[in-house]
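# Chains, contacts and geometry: an overview
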Amino acid sequence: MSMADFFNYATLENMRSRPGLKWGISPPGQIPLFIASPDFPIAPEIKQALKDAVDAEDLYYNTDAEAREAMAEKIGRVNGVKATADDVMIIQGVDPSIWLAVRQLCSEGDEVVLTNPMYGPFQRVMKVVNTRPVLWELDAEEGYRFDPETLKELVTDRTQLIFVCNPHNPTGRVMTEGELKAIADVAVDYGIHVMVDELWEDVVFDGRKHVTLASLNPEIEGLTVTSWGFSKTFGVAGLKLGYLCTTNQEMMRGMKGHASNIQRGSSNLSKAVAPMMLDSTLDWWRKGLMEHLHRIRGICEKRIDDISGVTLQKLEGTYVPFPRFDYGMSSRELRDYLSNEAGIGMSVGISYGSKGEGHLRMCVATSEAIITEVFDRMEAALEKLD
Ligand SMILES: Cc1ncc(COP(=O)(O)O)c(C=O)c1O
């Protein structure tokens with residue numbers, strides 16, 4: 001298969017037989033864009049390694065030491081944080097790290113800063129120990145800038161934790177080093193812990209450099225837990241594999257305590273393929289993915305530019321643009337209208353917080369042919385509203 005064959009693989013016909021919570025649950029004729037899951041095949045190396053692990057009957061009780069070694073090596077090389085395998089915990093995707101952070105670091109009534117809008121699980125996790133969400137508002141009009149002065153005003157003596165998602169879902173921002181330094185300064189000055197979700201670290205455009213908050217200085221490293229995974233880069237959410245890292249031993253001991261017996265890492269098969277998703281084996285995939293997504297982003301920008309009622313913040317990272325639709329409809333009404341009238345399934349902006357009202361989020365990690373069909377359908381349906 002050539003590179004184009006991988007990333008332009010999806011057609012409406014061949015996606016029909018794809019199982020899972022995307023095409024597998026969508027009615028015939030519907031194009032699902034509501035879940036951040038790419039329409040690419042699985043990289044051949046990953047498939048082969050999984051088959052090899054089955055052939056080796058690697059289904060016994062087994063250690064996760066080798067995978068954690070590979071993760072610690074990658075965290076040093078890519079993220080600039082010197083970590084050992086003991087500083088790493090394997091988790092079933094990135095979401096459990098959000099739960100573990102709030103469980104470990106907060107008590108009832110404590111305040112947790114999160115952005116509005118933000119990926120849903122950051123909001124829902126507030127119930128774990130009845131913490132109070134404090135919203136750091138991001139404005140599309142200001143390019144979704146992370147304003148440190150606003151953050152400072154939100155901090156009180158009850159603030160225990162700041163949630164950071166970088167690259168940011170759903171705004172598509174990649175935080176600048178300056179923005180990250182400002183967060184680090186606030187956290188260090190006030191002694192607040194930070195949980196950073198860097199699941200989208202590979203998906204950054206225009207030569208931007210993804211910077212890991214914990215790498216900025218030893219003080220912020222000691223206050224931070226960071227998590228990563230594989231589901232966005234390689235389309236393998238079903239492996240249920242992620243990893244978190246903190247060099248703060250007390251924090252790690254506490255999280256291991258909360259996780260013990262409930263959160264038993266991931267499967268042997270997932271751990272067997274982890275090293276090759278962390279070393280340079282799949283650099284060709286990362287490169288091909290970004291070249292393809294760059295073309296897809298260009299199509300999205302051009303097509304949205306042609307629709308007068310829709311505006312889009314330029315994506316700096318991620319493949320989930322978050323356009324705003326000015327048709328006098330709520331994001332739920334719009335989602336339903338475009339689903340019924342155009343057969344395109346998007347996720348409602350309001351589920352990312354009140355700042356998402358009027359927006360829909362769409363996963364555009366698909367073929368150029370499908371994304372073109374999406375905009376043909378969207379344009380025709382929206383014209384009827386003019
Ligand atoms: C920012 C962010 N964090 C976490 C997740 C969930 O990741 P995982 O499948 O690794 O649990 C997603 C999925 O879209 C996401 O966008």
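Counting restarts for each chain: residues are numbered from 1 in the order of the written sequence. Owing to the predicted nature of the model, reporting of local features is limited to residues with pLDDT of at least 70; listing and counting of side-chain atom pairs is limited to 80 or more, with chain, interface and lining totals taken over all residues.

### Quick notes on the overall build of the protein
- Scanning the protein from N- to C-terminus turns up 15 helices and 13 strands.
- The globule rule used here is 2.2 Å times the number of residues to the 0.38 power, and the radius of gyration it is set against is calculated over C-alpha atoms. A compact globule built from 386 residues would reach a C-alpha radius of gyration of about 21 Å, and the protein, at 21 Å, matches this within 12%.
- Judged by the C-alpha coordinates and their principal axes, the protein covers about 60 × 55 × 35 Å.
- In this scheme the burial state of a residue depends on its C-beta neighbours within 10 Å: 20 or more other such atoms mean buried, 12 or fewer mean exposed, and anything in between means partly exposed; the C-beta positions come from the backbone. Classification of the 386 residues of the protein by burial places 45% in the buried group.
- A fraction of 72% describes how many contacts in the protein between residues 6 or more apart in sequence connect residues 24 or more apart. Starting at the N terminus, helices and strands are each numbered in turn, a helix being any DSSP run of H or I of at least four residues and a strand any DSSP run of E of at least two. Residues are treated as contacting if the C-beta atoms built from their backbones sit within 7 Å of each other.

### Considering the packing of helix α4 (residues 65–79) against helix α12 (residues 268–278)
- Taken N-terminus to C-terminus, the directions of α4 and α12 make an angle of 20°; their axes are 8 Å apart at the nearest point. Considering their axes alone, α4 and α12 lie roughly parallel with respect to each other. At the point where α4 passes α12, the crossing takes the left-handed sense. Contacts between α4 and α12 involve A67, A70, M71 and K74 from the former and K271, A274, P275 and L278 from the latter.
- Its residues assigned to classes, the contact of α4 with α12 shows six nonpolar, no polar and two charged. Here an axis means a line fitted to C-alpha atoms, over the contact stretch when the element is a helix, while the angle between two N-to-C directions is reported on a 0 to 180 degree scale. Here is the rule for angles: anything less than 35 degrees is roughly parallel, anything more than 145 is roughly antiparallel, 65 through 115 is roughly perpendicular, and the remaining ranges are oblique. The hand of a helix crossing depends on one turn: near helix anticlockwise from the far one by less than a right angle means left-handed, and clockwise means right-handed. The residue classification treats Ala, Val, Leu, Ile, Met, Phe, Trp, Tyr, Cys and Pro as nonpolar and Asp, Glu, Lys and Arg as charged. All others, Gly included, are polar.

### A short note on helix α5 (residues 95–105)
- Of all 11 residues making up α5, nine are buried, and the element is well covered by its neighbours.
- Every buried residue of α5 is accounted for by D95, P96, S97, I98, L100, A101, V102, Q104 and L105.

### Re the sheet that holds strand β7 (residues 224–229)
- Strand pairing is assigned whenever DSSP identifies at least 2 bridges connecting the two strands. Ordered in space as β2-β8-β7-β6-β5-β3-β4, the seven strands form an open sheet in which the pairing is mixed. The open sheet is flanked by β2 (88–91) and β4 (132–137), the only strands paired with a single partner. Neighbour-to-neighbour, the strand axes of this sheet turn through a mean angle of 20°, independent of strand direction.
- Two strands pair when backbone bridges link them, and β7 and strand β8 (residues 242–245) are joined in this way by four bridges, in the antiparallel orientation. Within β8, the residue paired with G229 across the bridge is G242.
- The sheet strands contacting helix α8 (residues 177–190) are β5 (159–165) and β6 (193–197), and the helix crosses β5 at an angle near 165°.

### A short note on the environment of R295
- Summarising the element assignment, R295 is placed in helix α13 (residues 283–305).
- Overall, the presence of 14 C-beta atoms within 10 Å leaves R295 in the partly exposed class.
- As for R295 and T224, which are separated by 71 residues in sequence, their C-alpha atoms are 35 Å apart.

### Observations concerning the packing of α5 against helix α11 (residues 249–259)
- It is the contact of α5 with α11, at a shortest axis distance of 9 Å, that shows an interaxial angle of 110°. One finds that α5 runs roughly perpendicular with respect to α11. Crossing angle aside, the handedness with which α5 passes α11 is right-handed. Between α5 and α11, the residues in contact are L100, R103 and Q104 and M251, G254, M255, H258 and A259, respectively.
- Split by residue class, the contact of α5 with α11 holds four nonpolar, three polar and one charged.

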